[in-house]
Amino acid sequence: MRTEDIISKILFLCASFSAVIVFMITVFLLQEGVRMLNPSFLFGKTWSPHRELFGIFPTLVGTLCVVAGAVVIATAIGIPSAIFLSEFSPFWVRNIIKSSVELIVGIPSVVIGFFGLTVLVPFIRDNVGGRGESILAGWIVLAFMILPNLITIAEDSLRAVPRSYREASLALGATRWQTVRNVVLPSASSGIRAALVLGVGRAMGETMAVLMVVGNPETPWIPLGILDRVRMLTSTIAIEFSYAEWGSSHQYALFAIGVVLFFMVTALNFIATFVIRRKNIQ
Amino acid sequence: MKEAQKEKAVRGLLYVTVGLSIVILPIIVVWVIANGVGAISLGFLTGRPYRFEYGGIFPQIMGSIYLVSLCTLFGAPLGIASAIYLSEYASDNVVTRTVRFFTETLAGMPSIVIGLFGLEFLVYYLKLKTSLLAGAISLSFMMLPWTIRASEEAINVVPKEYREASLAMGATKWQTILRVVLPAAIPGIMTGVLLGMGKAIGETAVVWLTAGSGLEAFVPRTLKSPTGSLPMYIYLIATQGHTAEGLQNAFGASLVLLVMFLAMSVSALFIRNHYLRRLGS
Amino acid sequence: MSNQNQLITYAVVALVIGATVGYLAAGPITYNKQIQDLQNQLAAGGEAKLRGSLSIAGSTTILPIAQECANLFMEQHLMVDISVAGGGSGAGVKSAGSGEVDIGEASRNIKASELLSYPDLVAFSVAKDSVAVVINSDNPLAGDLDLTFEQVSEIFSGEITNWSELGGPDHEIEVYTREEGSGTRAVFVDYAMGGKELAANAGVKPSNGEMRAAVASNQYGIAYVSFGYIDDTVSAASINGVEAVVENVNNGQYPITRILWMFTKGMPDELEAAFIEYVQGPEGQAVVEDLGYISIY
Amino acid sequence: MSNTYMINGDAAAFSPRLALDKVVFKGFNLWYGDNHVLKDIDIAIKSNVVTAFMGPSGCGKSTLLRSIDRMNDIIPSCKTEGDVYIDGRNIYEPDEDVYELRKTVGMVFQKPNPFPMSIYDNIAYGPRLHKMASGEGLDKIVEESLRGAVLWDEVKDRLQENAFGLSGGQQQRVCIARALSINPDIILMDEPCSALDPIATIKIEALMRELKDKYTVVLVTHNLQQAARVSEMTAFMYIGEIIEFGATSDVFENPQNELTENYITGRFG
């Protein structure tokens, strides 16, 4: 019994470790960043560290624009694809496509960024206009990143709907699509929504791939069109952290951006967990 | 027959989107392979980088391997132990719910934030410098929640009957876990660990801040050596290399990185598909 | 043995083999060669007393010099590993001052605020350099572009926005700039901007290499880079009628010069000193000139 | 078998011979949370006899069985009161070593639950756990256990194959062999045939009759015919209480309690 107790204590310590890490991250982000968290930081319109102006509003809006567009694109392609795979495709087709999609979940983002930089940006510049580096390029690159994950999770939640539901609906004379729309999708919706929320979080936290294609203007402005260049919260940290002097308000401002990111992603996580939990209760 | 027509229309639409997925998703892989194969040569794989555009990527390949192996060495045992605690020992109380929530939070943490933390805490505060060790530990923070989640799922799938049978033989809880639960859960755990390794090997922001942001021309000799990695190489060459040679090398490195990544996800899926099915029977 | 155990074994074996193959491939190729070289070196009466690793970061202007010197230095001292990273001059000062790296680099002088934050930095000059305005070599103006500081400041602050105002095609001028920590940017702003702010819509590129790559791939781009980064993919503009070449900097006609620095935190230790001496020495200075910079002598 | 040993539900008349009876429940109560599952159980189970517990689902018969090797301990909300004696020793004493206890009590579950290992490793699991033998000694234990479960001839050539490759009946006999491997005194069987086809059931029942020569067998079943075919002693349980306990022939032919009679004649259950 003694050894059993010791083992359980050790295991508890291990389990607490990730909590400790998160706790430490939170504490140290807040400690460095909280002094900059004020309305003029969140709603200030100018980010220009050498003039001591730290307003992240345009960056925040830019980030949300890029993330929202990417999620919309990924949803528009991903959800119907998932419906097709789980409800309409022959088994062997589904197997091939599904396992190929699963294979590229989490493909290194720097490779996607490389693609964006060398193919997408020149393509947009030559065929759509602007400098190529744009919100549009950010959309496509991020959509690439979240699409495989979205298809996989959405397809899984669709397939988790018991077959008896489908049979019951079909037996009442409903068509396949009516069945999908009225029975399968509602039952799977919480899983799909959770997948979407997690996709938003993932897109928001992505650094490298978007950094390479969104343009990062000297002083970001609130974007007015899809060819405008923006900064992301993450890319601002990535570009500027290496030279922000110790103890300068610039450094605290970058930590404050970290705090904002942290809370947005944690909130999304909370929502996703809540959605999933509600599904489980049903 | 309006419904039948609608059904047809919907089907058509679905065919279009799935066709779009089929065309779009492999584009990057195909693009990298098509452009990268020409770059691969013995010299490229075994040489070291020279100025920005020339030479090989041997230190980067080794750096990535070292980083990921070390990160797995830290992250996997810790993650598996945590999962065992959460699924076998923890009763549902405030402490475990907190631990679980924090674990989920860590999973969603933007990698740049983890990198910042690694830089401040490991590099500056613990004075590890930008090094193999700092990079590997930071990567393991990122990998940890995924390992925990996958291991927990794998452990929960193990039927209750196995545990009962073992306990009824007079085994202690820990003996049961070690001899029955873990062996049965290992395929699932390995799937999770491999997927986590795939995430770690492609991660750029974290290694940039903690392991080394340069074009290292040497294989790390100690844990404190700065360490180059494939993602960092690709980032540097893709953004700064402006000549045909540079582009070619970036393609070659992308291909190598992709092959390593796919090797991990293929083996993960292989293990999952060939094993978990068996367990279910 | 059961099938399940077999599969586990396969997977583990595959992993182990994967890791060891990589390692073993590394072993014979690099280490045997290194040991052999070391033996040759010792047999030839050379010394191998320098060992250890050195990390260098900072100005991307100095990056090519540091990289090349590090390569040559490592060939001579086989037990030394030198890592060279970019980051910009601000990063060079910060990371050397905070002890993150051993040697920092900056392509501008240390700022007063930095000296307050990091009082124990010791600076060594390693080369001289200048800053050139560059455009794409396919730009119709390439080769003929001659600007005054006035025009430069108007272009980079966004007052002149179209190439036609400079006698070129009717297309927007696409301005790129370095990040604020950059030494090249600091020098450029000091000399050429005349107190004006850089255009808000200028695209930020955090290294000389990215500035050059951006202009090289954008026919309507304009940027400023270190002389060491001028090559045939970009075309440097003349300033006040003076061509942007090293001779004109040396004879004082080209209006921008600057000194490139390396720093250590406190006095350099043996290895750091050896490397800095190497860069300042004849071999290092040959590299400096070879790469298009100006020797300190 | 004798008809002489018989008690009914009357607690006052209960005078167990702690040293002579194998398992004795004395004033035993068990709760899952607020749910009172076993109520004042008094019963004495004799050595080398098959004792069957029957009753409608939810009557607590499986719980009672699992109280004998304290397998209910793994359910967090479980709470007990009263004593259970094995060979005169109270196993609910605080200092009781449950692991030693479970070693002396083998258990076979409702659904065949071999481990996902080879047949050999399944049987060798317990002996290895308790470091009873190794090498040839272990081989011998495996062989004896499999012979004990009348499975040896069917599987002796494929001991290294995965136990999942066997049929349901064979898997259940692997589980019985596994229970035998640690050389227990008592074997608990919790509806061991409910997941099996008739032919496999017949084999297992025959095995049970053989096992009682060496072991004390306690069987839980909802199959009346099985209780009648296999056991010498039968207890009838209803909502956590033992309604009637006696020689199988008496309980079936001449039930004392109306509930028992209704159950046996198929009026409910």
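Structure shown above.
Source: prediction; values computed, not measured. Residue positions are given per chain, counted from 1 along the sequence in the order it is written. All chains are assigned letters beginning at A, and all ligands numbers beginning at 1, according to the order in which they are written. Confidence filtering applies because this is a predicted model: local features only for residues at pLDDT of at least 70, side-chain atom pairs given and counted only at 80 or more, and all residues used for totals across whole chains, interfaces and linings. Working from all heavy atoms in the structure, the side-chain values ignore hydrogens and water.

Description of the interface of chain A and chain C
- We call two residues in contact when some of their heavy atoms are within 4.5 Å. Taken together, the 24 residues of chain A in the interface contact 33 residues of chain C.
- Taking both partners together, chain A and chain C bury about 2,100 Å²; carbon and sulfur atoms supply 43% of that area.
- Two parts placed together each lose some accessible area under a 1.4 Å probe, and adding up what both lose gives the buried area. Broken down residue by residue, the surface that chain A buries against chain C is led by Arg 131, Glu 218 and Tyr 243 of chain A, which jointly contribute 34%.
- Salt bridges, as used here, are contacts in which a Lys or Arg side-chain nitrogen is within 4 Å of a carboxyl oxygen on Asp or Glu. Taken together, the links from chain A to chain C amount to three salt bridges.
- Whenever a nitrogen or oxygen atom comes within 3.5 Å of another N or O atom, the pair is scored as a polar contact, on the condition that within protein one atom can donate a hydrogen and the other can accept it, and that pairs from neighbouring residues in sequence are kept only if both atoms are in side chains. On inspection of chain A and its partner chain C, the count reaches 16 residue pairs in polar contact (both at pLDDT 80 or more).
- Across the side of chain A that touches chain C, the residue classes tally to eight nonpolar, eight polar and eight charged. The residue classification treats Ala, Val, Leu, Ile, Met, Phe, Trp, Tyr, Cys and Pro as nonpolar and Asp, Glu, Lys and Arg as charged. All others, Gly included, are polar.

Re the packing of aromatic side chains
- Working definition: a ring pair exists when centres of Phe, Tyr or Trp rings (six-membered ring for Trp) sit within 6.5 Å. Plane angles under 30 degrees give stacked, over 60 give edge-to-face, the rest tilted. Within this structure, the stated rule accounts for 31 aromatic pairs over all chains.
- Centroid distance Phe 115 of chain A to Phe 144 of chain A: 5.8 Å. Interplanar angle 80 degrees. Geometry classified as edge-to-face. A residue pair is termed long-range when its members are at least 10 positions apart, and Phe 115 of chain A in helix α5 (residues 109-127) and Phe 144 of chain A in helix α6 (residues 135-159) qualify at 29 residues. Take Phe 115 of chain A and Phe 144 of chain A: they sit in the same class, and that class is buried.
- Arranged with centres 5.5 Å apart and planes meeting at 90 degrees, the rings of Phe 73 of chain C and Phe 275 of chain C form a pair that is edge-to-face. Taken as a pair, Phe 73 of chain C in helix α2 (residues 63-76) and Phe 275 of chain C in helix α9 (residues 270-280) lie far apart in primary sequence, 202 residues in all. Both residues of the pair, Phe 73 of chain C and Phe 275 of chain C, count as buried.
- Aromatic rings pair up to connect Phe 28, Phe 241 and Phe 255 of chain A together with Phe 117, Phe 121, Tyr 125 and Phe 141 of chain B into one cluster. Only DSSP runs of H or I with at least four residues qualify as helices, and only runs of E with at least two residues qualify as strands; both kinds are numbered from the N terminus onward. Three labels apply to residues, based on accessible area from a 1.4 Å probe with only protein chains included: buried if under 20% of the type maximum, exposed if over 50%, partly exposed otherwise in between.

Some words on the pairing of strand β4 (residues 50-54) of chain D
Residues and elements named next belong to chain D.
- Of all five residues that make up β4, five are buried, and the element is covered over most of its length.
- Neither face of β4 is open: one carries Val 50, Ala 52 and Met 54, the other Thr 51 and Phe 53, and all of them are buried.
- Pairing between two strands is assigned when DSSP locates at least 2 bridges connecting them. Two strands pair when backbone bridges link them, and β4 and strand β9 (residues 216-220) are joined in this way by four bridges, in the parallel orientation. Bridging across to β9, Phe 53 finds its partner in Val 220.
- Looking at chain direction, β4 and strand β10 (residues 233-238) are connected through four bridges and run parallel. Across the sheet, residue Thr 51 finds its bridge partner in β10, namely Met 233.

Describing the sheet that holds strand β3 (residues 35-45) of chain D
Residue and element names in this part refer to chain D.
- Sheet architecture is open: four strands sit in the order β3-β2-β5-β6, paired in antiparallel fashion. Among the strands making up the open sheet, the edge pair consists of β3 and β6 (89-90).
- Sheet topology places strand β2 (residues 23-32) next to β3; seven bridges connect them, and they run antiparallel. Bridged to Val 23 within β3 is Ile 45.
- Axis lines are fitted through C-alpha atoms, for helices just across the contact stretch, and the angle between N-to-C directions can take any value from 0 to 180 degrees. Contacts from helix α1 (residues 61-68) reach β2, β3 and β5 (78-86) within the one sheet, and its direction differs from that of β2 by about 120 degrees.

Side note on the pairing of β9 of chain D
All names here are of chain D.
- With five of its five residues buried, β9 lies for the most part within the structure.
- Every second residue of β9 is oriented toward a common face, with Thr 216, Val 218 and Val 220 on one face and Val 217 and Leu 219 on the other, all of them buried.
- In the sheet, strand β8 (residues 186-190) pairs with β9 via five bridges, with the strands oriented parallel. Within β9, the residue paired with Ile 187 across the bridge is Val 217.
- Seen with its strands pointing away from the viewer, a crossover is right-handed when the path leading from the first strand over the helix to the second is clockwise. Read from β8 through helix α7 (residues 198-211) to β9, the crossover connection turns out right-handed.

Some remarks on the nonpolar core
- Side-chain atoms within 4.5 Å are what join buried Ala, Val, Leu, Ile, Met, Phe, Trp, Tyr and Cys residues into a set we call a nonpolar core. Among the nonpolar cores identified, the biggest contains 311 residues, and Ile 65, Ile 82, Phe 156 and Phe 275 of chain C together with Phe 53 of chain D are the most heavily contacted of them.
- In terms of residues, this core owes the most to one element, helix α4 (residues 58-89) of chain B, which gives 16 residues.
- Counting residues in hydrophobic clusters, the runner-up holds 43 residues, among them Tyr 120, Leu 146, Ala 149 and Met 189 of chain D.

Re the interface of chain B and chain A
- Between chain B and chain A, the contact holds 73 residues from the first and 72 residues from the second.
- Buried area between chain B and chain A, both sides added, is near 6,800 Å², and the carbon and sulfur share of it is 81%.
- Counting across the chain B and chain A interface gives one salt bridge.
- A salt bridge links Arg 272 of chain B to Glu 102 of chain A, with the shortest nitrogen-to-oxygen separation between them at 3.0 Å.
- The leading source of residues in the side of chain B that touches chain A is helix α1 (residues 2-24) of chain B, at 13 residues.
- Here the residues of the side of chain B that touches chain A are counted per class, giving 51 nonpolar, 14 polar and eight charged.

Distances and angles like these do not, on their own, reveal function.
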